[in-house]
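The residues making up each chain are set out below.
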Amino acid sequence: MAGRINDDDVKAVRDAVPIDAVVSEYLQLRNAGGGNLKGLCPFHDEKSPSFQVSPGKGLFHCFGCQEGGDTIAFVMKIDHLTFSETVERLAAKAGITLRYEEGGYNPSHQRGERIRLVEAHKIAGDFYREQLNGPEAEIGRKFLASRGFDQDAAAHFGVGYSPAGWDHLTRYLRGKGFSDKELISSGLSQDGRRGPIDRFRGRLMWPISDTSGDVVGFGARKLRDDDNGPKYLNTPETSIYKKSQVLYGIDLAKKDIAKSSRAVVVEGYTDVMACHLAGITTAIATCGTAFGGDHIKILRRLLMDNGSARVIFTFDGDAAGQKAALRAFEDDQKFAAETYIAIAPDDMDPCDLRLAKGDDAVRDLVEPRTPLFEFALRQIVGRYDLETPAGRAAALDEAAPVVAKIKTSSVQREVAVQLAGFVGILDQEYVVHRVNQLAQWARGRGGDRRGPGPAPSRTGAQHQQVQAPAASGPALNLRSPAHRTERELLKLALQKPALVSPAFDAYGVDEFTAPPYAAVRQCIAEAGGAELGVAETREYLVQVLDATPDDTVRKLVTELAVEVFHGKSIDEAYAGEHLVKVRLRAVDRRIDDVQGSLARLGSNVAPDHLAAAQNEVWVLQQYAQSLRSHGAAAL
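Every value quoted in this text rests on a predicted model; they were computed, and no experiment measured them.

J.: In this structure, what is going on with the overall build of the chain? I would like to understand it.
T.: Within the chain one finds 28 helices and 16 strands. Here the chain holds 635 residues, and the buried ones make up 50% of them. In the chain, the proportion of contacts linking residues at least 24 apart, taken out of those at least 6 apart, comes to 65%. Accessible area of the chain: about 30000 Å², with a carbon and sulfur share of 49%.

The structure is reproduced here in structure tokens:
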């Protein structure tokens, strides 16, 4: 059993790996002001960025779904890792050797499954690349050369070769300490009659990386006629490789996709290579599956769906390519980006086009020209004889439900007008009305309109929009002046502890009227108080997070730690104002409590108790007056 990772090493990992650098591997971040960054949340679907990262504090928080935490928490959630696996992975990136509290460090036994499988793939990638230089791989080198790729291109994309024998890689990985169970789990080996054998044999190999750059699988192309397998063979589904959630080339393209707000989706590994070598460094491809919803999520986080974002699909002009384009259009509305389609002359893919006409032709191919919706509708309409009324009606019956799925009403109307032109119907308003009927019918039924018949007309076109359920977390009345002031004071204590320390540390939990805020105050106290944060804000926040009793309070801490302040100048005067307001309300509440208690007791109160209570009220009233007159100086 793995020992507990040394606490000092965990702290060293947190300090060594900047949270913005880690988060940027998964989504595009932009300046949010106040030293914070923002982006589209990777944990829930959203159209405008509510996910914030605070590099100075080492924290993230989403104001939409309330997820939050530090670098370790982010990686744990997004890659579904355990705490130990996450620390080990980040430590490897930072070059930190971890110590374990119990027993010696044995990597083969103490690393988490994902860490082990990723390491196996890294070693396999190095092995395959080395094999590409051997005499057996000449057939692979000739294939690459025939596609216009030299040795430097192969090295840039990590292309390798798997030997034709039964178990070359399997024996090599065993020698590196990997068990047969790990080799089977990784998809690099498969069961044979006498034990594990190599899954890939005698093939050209492309490493497939996730967004963070870890190799999680391989794509393999057959080279010999006596290979009875499919033309392309990919890694099977494993715990680290899900074909619907990976995009080939994303590790190389992500920075330029984020920078240019543009992505080019091609169909194969060699197409990605051709595009990148031609200067289209935003090209990516799916790995043996259709482009779908999970792929869109990856791209949306990089594009941030701003108004200038573009996604260009390149599909072959044959029937399969047209089918792929229509499938892509089905998911088009999940993008806020503009989507286009590019089809090369003579139905060539980008790799063939580069060979035939050079890099300029590839660059010209992916210039946005034909919107994807236009291509999809023309494909549908083109199946019918538009010279006859029956043909035009049938074309409209199939195409109108597709347009009705467009969520934005203004865009839906514009496309409906264009559909009228494609079909050849002069009465544009008739087509617009038809599409609108279908859209209303689908909304009323809570699903997509699929039948070809006309949707029933509806009266009372005012449809209330169903609101998303409220984000999980503590319910707070932010219209309450007391709650607003308490929230701002806690933000000061977490973000600017030097402005409120040491006065804040003398505040009791009961001075915070909202139970969630009282819980945060308790966590700050258990972490050592705001005074601890004066010297080391990041470590102080880690201590506060460690003191949280549950996820609800933890999420609130991260929210308060990254939320912007309401004041224009966050200085000692601002801090003093909120310290005084919270204390003054607490004093006034105590006065009311004591006086209310005396009123309820009436003449039944004991003389000594009455004298003590009256004295307490007098002292509290004097203190309240002092706070009102002298402000923070009276604390």
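From this point, things continue past the structure.
J.: Whenever I open this one, the packing of helix α27 (residues 572–601) against helix α28 (residues 607–630) confuses me. Can you help?
T.: Packed helix pairs are specified by the crossing angle of their axes together with the interaxial distance, meaning the distance between the axes. It is at 10 Å that the axes of α27 and α28 come closest, and there the two elements cross at 155 degrees. It follows that α27 is roughly antiparallel to α28 by the angle criterion. The hand of the α27/α28 crossing is left-handed. Taking contact as the criterion, the partners of Val580, Arg583, Leu584, Val587, Asp588, Arg590, Ile591, Val594, Gln595, Leu598 and Leu601 in α27 are, on α28, His609, Leu610, Ala613, Glu616, Val617, Leu620, Gln621, Tyr623, Ala624, Leu627 and Arg628. Split by residue class, the contact of α27 with α28 holds 14 nonpolar, three polar and five charged.

J.: So what exactly am I meant to see when it comes to the sheet that holds strand β16 (residues 370–371) here?
T.: Strand pairs in the sheet, formed through backbone hydrogen bonds, run parallel or antiparallel to each other. Read across the sheet, five strands follow the order β13-β12-β14-β15-β16 without closing on themselves; strand pairing throughout is mixed. Each edge of the sheet is formed by a strand with only one pairing partner; in this case those strands are β13 (283–285) and β16. Direction of pairing for strand β12 (residues 262–266) relative to strand β14 (residues 310–314): parallel, over a ladder of four bridges. The residue of β14 that forms the bridge with Ala263 is Val311. Packing against the sheet, helix α11 (residues 250–260) makes contact with β12 and β13, and its axis sits at approximately 130 degrees to β13.

J.: What's the story with the state of the cysteines in this structure? I'm lost.
T.: Each disulfide is one covalent bond, formed between the sulfur atoms of two cysteines. Under the defined criterion, the tally for this structure stands at zero disulfides. This cysteine, Cys41, is not joined by any disulfide, and Cys62 carries the nearest cysteine sulfur, 3.6 Å off.

J.: What am I meant to see in helix α26 (residues 551–562) here?
T.: An α-helical turn contains 3.6 residues, so a residue and the one three or four places further along point in the same direction. Here α26 is 12 residues long and its end C-alpha atoms lie 17 Å apart, about the 16 Å a rise of 1.5 Å per residue gives. Most of α26 sits out of view: 10 of its 12 residues are buried. Turning to α26, its buried residues are Val553, Arg554, Lys555, Leu556, Val557, Thr558, Glu559, Leu560, Ala561 and Val562. Between a side-chain oxygen at the N-terminus of α26 and the backbone nitrogen of Thr552 the separation is 3.1 Å; the capping residue is Asp550.

J.: Please clarify how the pairing of strand β3 (residues 51–54) should be interpreted in this entry.
T.: Successive side chains on a regular strand alternate, one facing one side of the sheet and the next facing the other. Residues Phe51 and Val53 line one face of β3 and the alternating positions Gln52 and Ser54 line the opposite face, and both faces are buried. Pairing analysis gives three bridges linking strand β2 (residues 36–39) to β3, with the strands arranged antiparallel. Residue pairing across strands places Gly39 opposite Phe51, the latter belonging to β3. Direction of pairing for β3 relative to strand β4 (residues 59–62): antiparallel, over a ladder of four bridges. Within β4, the position partnered with Ser54 by the bridge is Leu59. The turn linking β3 back onto β4 is made up of four residues, and Gly58 within it adopts a positive phi angle of 70 degrees.

J.: Would you take a moment to explain the environment of Ala92 for this structure?
T.: Mapped onto the secondary structure, Ala92 falls in helix α4 (residues 83–94). Looking at Ala92, the relative accessible area reads 57%, which means it is exposed. In sequence terms Ala92 and Ile115 are 23 residues apart; their C-alpha atoms lie 9.7 Å from each other.

J.: Whenever I open this one, the packing of α4 against helix α6 (residues 113–131) confuses me. Can you help?
T.: Direction vectors running N to C along α4 and α6 enclose 35 degrees, while the axes themselves pass 8 Å from each other. Residues Glu85, Glu88 and Arg89 of α4 pack against Glu113, Arg114 and Ile115 of α6. When the residues that make up the contact of α4 with α6 are grouped by side-chain class, the tally is one nonpolar, no polar and five charged.

J.: How do you make sense of the nonpolar core when you look at a structure like this?
T.: It is characteristic of soluble globular proteins that their nonpolar side chains tend to be buried jointly. Grouped together as the largest cluster of nonpolar side chains are 50 residues, with contacts concentrated most on Ile257 and Leu299. Not counting the four nearest positions on each side in its chain, Ile257 is found in contact with Ile250, Arg262, Ala263, Thr282, Ile284, Leu299, Leu302 and Leu303. Within the second largest apolar cluster, 44 residues are counted, among which are Phe157, Val159, Tyr161 and Cys351.

J.: Teacher, can you tell me more about helix α9 (residues 168–175) here?
T.: Buried within α9 are the following residues: Leu169, Thr170 and Leu173. Along α9, the residues classed as buried sweep out an arc of 100 degrees about the axis, all on the same side. Where α9 is buried, its residues contact α6, α10 (180–186), β7 (189–192) and β8 (195–198). Looking one or two residues past α9, Gly177 carries a phi angle of roughly 95 degrees, positive in sign.

Criteria and cut-off values
- Residues numbered from 1 in each chain as written.
- Predicted model: local features only at pLDDT ≥ 70, side-chain atom pairs only at ≥ 80, totals over all residues.
- Heavy atoms only, no water.
- Helix = DSSP H or I, 4+ residues; strand = E, 2+ residues; numbered from the N terminus.
- Buried < 20%, exposed > 50% of the residue type's maximum accessible area, 1.4 Å probe, protein only.
- Contact = heavy atoms within 4.5 Å.
- Areas by Shrake-Rupley, 256 points an atom, 1.4 Å probe, with all protein chains shown as cover.
- Axes fitted to C-alpha atoms, helices over the stretch in contact; angles between N-to-C directions.
- Parallel < 35°, antiparallel > 145°, perpendicular 65-115°, else oblique.
- Left-handed = near helix turned anticlockwise from the far one by under 90°.
- Nonpolar A, V, L, I, M, F, W, Y, C, P; charged D, E, K, R; others polar.
- Pairing = 2+ DSSP bridges.
- Disulfide = S-S within 2.5 Å.
- Expected span 1.5 Å × (residues − 1).
- Polar contact = N/O pair within 3.5 Å; in protein donor to acceptor, adjacent residues only side chain to side chain.
- Core = buried A, V, L, I, M, F, W, Y, C linked by side-chain atoms within 4.5 Å.
- Arc of directions from axis to C-beta.

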